[in-house]
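# Notes for the structure review
Here are the chains, one letter per residue:
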Amino acid sequence: MAKRPGTPSDLRDAVERTVQATLGSAERQRDRTQGAIDEIAGTVDNLRKGAGAGLARGRRALEDRRPVTHDDLRELKAELRKIGRRLDAIEERLPAKRAAAKRKPPSK
């Protein structure tokens, strides 16, 4: 058992030594705790990012597999009509084809 301080000065010194010893270990403990919290926060952030990426992949996969709706078909038909009109306009600008009668059949 430790010796009891006899004077107020001895008591003050003992208290200061105890406080200093406690402060040092408390500071070390705080540093360890902060490190653990930082590690946990990093892990949670990585998990969150991974989960977000997984959800995005799942949404894309579901979107690719969902059945075609009436609106989808209507949009496709409209797009095909536009493409058809563009093709007609391009064909009109092409030079007229020579008549098949003017061509000679390949000779043997």
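For clarity, every value in this text was computed on a predicted model and none was experimentally measured.

### Section: the overall build of the chain
The helix and strand tally for the chain stands at 2 helices and 0 strands. Per-residue burial for the chain yields a buried fraction of 1% across its 108 residues. Here the chain has roughly 10,800 Å² of accessible surface; of this, 58% comes from carbon and sulfur atoms.

### Brief notes about the pattern of salt bridges
Counted by the stated rule, this structure contains 6 salt bridges. Where Asp71 meets Arg74, a salt bridge forms, and the shortest distance between an N and an O atom there is 2.6 Å. Highlighted residues: Asp71 and Arg74, both in helix α2 (residues 70–93), separated by 3 residues, approximately one helical turn. When its relative accessible area of 40% is taken as the criterion, Asp71 is described as partly exposed. On the basis of relative accessibility, which here comes to 48%, the residue Arg74 falls in the partly exposed class. Each member of the salt-bridge network shares a partner with another, and the members are Asp45, Arg48 and Lys49.

Thresholds applied
- Per chain, residues are indexed from 1 in the order of the written sequence.
- Only residues with pLDDT of 70 or above have their local features reported here, since the model is predicted, and side-chain atom pairs are shown and tallied only from 80 upward, although totals for entire chains, interfaces and linings are computed over all residues.
- Side-chain descriptors were evaluated using all non-hydrogen atoms of the structure, hydrogens and water having been removed beforehand.
- Helix numbers and strand numbers start at the N terminus; a helix is a DSSP run of H or I with at least 4 residues, a strand a run of E with at least 2.
- To sort residues, take the accessible area from a 1.4 Å probe on protein chains only and compare it with the maximum for the residue type: under 20% means buried, over 50% means exposed, and anything in between is partly exposed.
- The Shrake-Rupley method, run with a 1.4 Å probe sphere, supplies the accessible areas, and residue values consider only the shown protein chains as cover.
- Only one rule defines a salt bridge in this text: a Lys or Arg side-chain nitrogen within 4 Å of an Asp or Glu carboxyl oxygen.

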